[in-house]
Amino acid sequence: MASSTELKKVLGDLNKDSFISLLSKLIGESKYLQNNPPELIPQEDRAVKHVLDSLLSLSTTTGGGPLVINHVTYFPGRGNVIVEYPGTVPGKILSFWWGVTWTWSLQILMTGLAFPPLEINIYVSLILSGILCVQFKEFDPFSLSIDGDKLRGRGTTDCLGHVALVAELMRRLAETKPKLKSTVVAVFIANEENSAISGVGVDALVKDGLLSKLKEGPLFWIDTADKQPCIGTGGMIPWKLHVTGKLFHSGLAHKAINPLELAMEALKEIQSRFYRDFPPHPKEEVYGFATPSTMKPTQWSYPGGGINQIPAECTISGDVRLTPFYNVKDVMEKLQEYVDDINENIGKLDSRGPVSKYVLPDENLRGSLTLSFDETMSGVACDLNSRGFHVLCKATEEVVGHVKPYSITGSLPLIRELQDEGFDVQTSGYGLMATYHAKNEYCLFSDMRQGYQVFVSIISQLED
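Residues numbered from 1 in each chain as written. Predicted model: local features only at pLDDT ≥ 70, side-chain atom pairs only at ≥ 80, totals over all residues. Heavy atoms only, no water.

### Details of the overall build of the protein
A count of helices and strands for the protein gives eleven helices and 22 strands. Rg of the C-alpha trace for the protein: 25 Å, near the compact-globule value of 23 Å for 464 residues, within the 12% margin. In the protein, buried positions account for 53% of the 464 residues. For the protein, the proportion of contacts with a sequence separation of at least 24, taken over those separated by at least 6, is 80%. A total of about 19,600 Å² of accessible surface is found on the protein, and carbon and sulfur atoms cover 52% of it. The positive charge centre, built from 43 side chains, and the negative charge centre, built from 54, are 3 Å apart in the protein. (Helix = DSSP H or I, 4+ residues; strand = E, 2+ residues; numbered from the N terminus. Rg over C-alpha atoms; globule rule 2.2 N^0.38 Å. Buried < 20%, exposed > 50% of the residue type's maximum accessible area, 1.4 Å probe, protein only. Contact = heavy atoms within 4.5 Å. Areas by Shrake-Rupley, 256 points an atom, 1.4 Å probe, with all protein chains shown as cover. Lys, Arg positive; Asp, Glu negative; His and termini not counted. Charge placed at Lys NZ, Arg CZ, Asp CG, Glu CD.)

### Things to note about the UniProt feature "domain: Peptidase M20 dimerisation" (unreviewed entry) in the protein
The residues that UniProt annotates with the feature "domain: Peptidase M20 dimerisation" (unreviewed entry) are residues 231-344. Counted over residues 231-344, helix gives 37% and strand 31%. Its end C-alpha atoms are 42 Å apart. (UniProt positions renumbered as here; feature names shortened; annotations may be inferred.)

### Topic: the pairing of strand S11 (residues 235-244)
Judged by how many residues are buried, S11 sits mostly within the fold: seven of ten residues are covered. Here S11 pairs with strand S15 (residues 313-322) via ten bridges, running antiparallel. Bridging from a neighbouring strand, Lys240 pairs with Ser317 of S15. (Pairing = 2+ DSSP bridges.)

### Quick word on the pattern of salt bridges
Across all of its chains, the model carries 20 salt bridges by this definition. Glu265 is the salt-bridge partner of Arg352, the closest N and O atoms lying 2.8 Å from each other. Of the two residues, Arg352 sits in the loop between helix H8 (328-344) and strand S16 (359-360) while Glu265 sits in helix H6 (residues 259-277), which places them 87 residues apart along the sequence. Judged by relative accessible area, Glu265 falls into the buried class, the value being 10%. Two residues, Glu269 and Arg273, come together in a salt bridge whose shortest N-O distance is 2.8 Å. (Salt bridge = Lys/Arg side-chain N within 4 Å of Asp/Glu carboxyl O.)

### As for empty space enclosed by the protein
Counting across every chain of the model gives two cavities of 30 Å³ or more. The computed volume of the largest cavity comes to approximately 50 Å³. Trp239, Leu241, Ile270, Met295, Leu335, Val339 and Leu371 are the residues that line the largest cavity. If you list the elements that add at least two residues to the lining of the largest cavity, you get S11 and H8. Looking at side-chain class alone, the lining of the largest cavity contains seven nonpolar, no polar and no charged residues. What the second largest cavity holds in volume is close to 30 Å³. Taken together, Asp13, Leu14, Asn15, Glu168, Arg171, Arg172 and Tyr452 form the lining of the second largest cavity. Broken down by element, the residue count for the lining of the second largest cavity peaks at three residues, all from helix H4 (residues 160-176). (1 Å grid on protein atoms, 1.4 Å probe; cavity = no way out; pocket = protein on both sides within 12 Å on 5 of 7 lines; lining within 4 Å. Points joined across faces, edges and corners; volume = space filled by probe spheres on them. Nonpolar A, V, L, I, M, F, W, Y, C, P; charged D, E, K, R; others polar.)

### Things to note about the nonpolar core
One broad rule of soluble globular proteins: the nonpolar side chains tend to lie buried together. Among the nonpolar cores identified, the biggest contains 57 residues, and Phe19, Phe96 and Ile458 are the most heavily contacted of them. Ignoring anything within four residues of it in the chain, the contact list for Phe96 reads Val166, Leu169, Val184, Val185, Ala186, Val187, Phe220, Ile222, Phe455, Ile458 and Ile459. (Core = buried A, V, L, I, M, F, W, Y, C linked by side-chain atoms within 4.5 Å.)

### So, the domain arrangement of the protein
According to the domain assignment, the protein contains domain 1 (4-107 + 138-232 + 379-463) and domain 2 (236-373). Spacing between the C-alpha centres of domain 1 and domain 2 amounts to 41 Å. At the interface, 14 residues of domain 1 touch twelve residues of domain 2. A combined buried area of about 940 Å² lies between domain 1 and domain 2, and 58% of that area is made up of carbon and sulfur atoms. When the buried surface of domain 1 facing domain 2 is broken down by residue, Ala381, Ser407 and Thr409 rank first, second and third, together holding 50% of it. Our enumeration of links across domain 1 and domain 2 arrives at zero salt bridges. Counting across the interface, domain 1 meets domain 2 through five residue pairs in polar contact (both at pLDDT 80 or more). Mapped onto the side of domain 1 that touches domain 2, the elements with two or more residues apiece are strand S10 (230-233), strand S19 (380-381) and strand S20 (406-407). (Domains from an automatic or database assignment. Buried area = accessible area lost by both parts, 1.4 Å probe. Polar contact = N/O pair within 3.5 Å; in protein donor to acceptor, adjacent residues only side chain to side chain.)

### So, the pairing of strand S9 (residues 218-222)
Counted residue by residue, S9 has five buried out of five residues, so it is predominantly covered. Neither face of S9 is open: one carries Pro218, Phe220 and Ile222, the other Leu219 and Trp221, and all of them are buried. Here five bridges tie S9 to strand S21 (residues 424-428), and the two strands are oriented parallel to one another. Residue pairing across strands places Phe220 opposite Gln426, the latter belonging to S21.

### What about the sheet that holds strand S6 (residues 145-147)?
Spatially, S6-S7-S22 is the arrangement adopted by the three strands of the open sheet, whose pairing is antiparallel. Of all the strands in the sheet, just S6 and strand S22 (442-444) have a single pairing partner and so form its edges. The average undirected angle you get between the axes of adjacent strands in this sheet is 25°. Note that strand S7 (residues 150-152) and S22 share three bridges and pair antiparallel. Paired with Arg152 across the two strands is Tyr442, which belongs to S22. (Axes fitted to C-alpha atoms, helices over the stretch in contact; angles between N-to-C directions.)

Here you go:
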């Protein structure tokens with residue numbers, strides 16, 4: 001078996017020409033990988049084709065090489081790929097995972113971590129065959145361009161840069177054929193950032209048992225940024241509070257139930273109860289979360305009308321960002337409990353001014369609140385005692401020069417479900433947090449190069 005030093009020498013450094021060649025092809029497909037059904041359905045096989053083209057000549061089936069490649073498709077054009085470099089010791093295994101799609105909408109760009117909307121200066125330049133093309137000011141986002149160390153284009157940071165990076169790792173393993181104890185597996189996942197459509201990606205792979213053996217070793221989810229282990233993410237509960245009042249002329253405010261005032265007072269009460277029931281958790285300090293759990297509004301809408309008209313209704317929307325030490329279902333039940341109690345006691349809610357009221361007894365009218373939720377996501381706290389975490393930290397310190405694990409209440413899809421299935425999930429990434437789906441997305445080749453070296457160090461450590 002190769003020693004740690006010998007293995008690092010054999011696998012060498014990231015081949016810049018080969019990496020950039022593959023990344024250029026992937027970025028060229030990026031407009032077809034946007035994931036926002038029903039308007040935008042990604043065609044992951046457009047990216048998969050380039051990965052397979054780079055690896056099939058080294059596969060057991062077509063090239064006489066060592067790689068075992070399984071292209072698994074549950075929906076036409078939307079394939080997953082599992083690439084395996086076999087080791088010699090049964091049950092000794094590690095895996096690298098990531099997806100090849102991202103969420104997009106016309107109004108906002110969302111990061112892979114599901115951060116709040118970013119304000120960006122974009123304009124629609126073309127809508128063709130269901131593909132939304134956006135004109136960015138500095139460069140064409142759908143083709144790779146190079147500016148010194150910067151590799152620019154849509155998906156360079158999230159997450160096509162990582163696709164090319166791990167494909168290059170698997171190619172190098174197959175070319176050099178080091179004798180490893182551990183089996184190294186790369187999993188390319190379809191439908192990573194949208195669970196509204198099921199049976200396409202990781203959920204189907206897990207259901208069919210195609211990933212079960214990966215539970216025997218650490219799973220490195222490569223979908224964060226800034227070269228440090230991300231050890232905690234937040235859950236997300238998108239909510240809408242619809243408020244019904246009574247429309248009337250603003251000069252006769254005593255005859256109206258003002259839904260805007262009712263919404264503001266009700267939300268204040270709901271937030272107060274939330275922070276009472278879900279205060280900062282002691283483990284948040286251990287994991288280094290930047291913020292505790294939060295519940296806040298982010299959008300406000302109403303049907304419209306004149307400035308002299310008190311409207312009949314309005315809707316406040318927002319989200320809960322929940323550290324993983326609280327249960328999403330428990331929070332949703334509590335929020336509904338708050339709303340039910342406020343509705344029952346709506347006349348006791350604080351009002352605004354001498355004629356502001358939420359009940360009109362003479363007309364037998366009461367204001368009311370209706371709470372609804374959109375698709376939720378649970379947060380993750382990585383196992384800080386697992387070997388996967390320790391080798392990732394050691395590799396990061398060795399390559400990057402320091403290690404500083406972090407946690408955020410942004411949300412990553414899928415990994416909590418994998419954790420619940422029994423996988424030891426650890427997360428990291430080598431793009432730039434500051435450019436995640438930003439106006440001019442880019443990554444640094446030097447960061448990707450260090451990512452490759454981290455992967456080699458992980459493999460080397462797990463040989464011991």
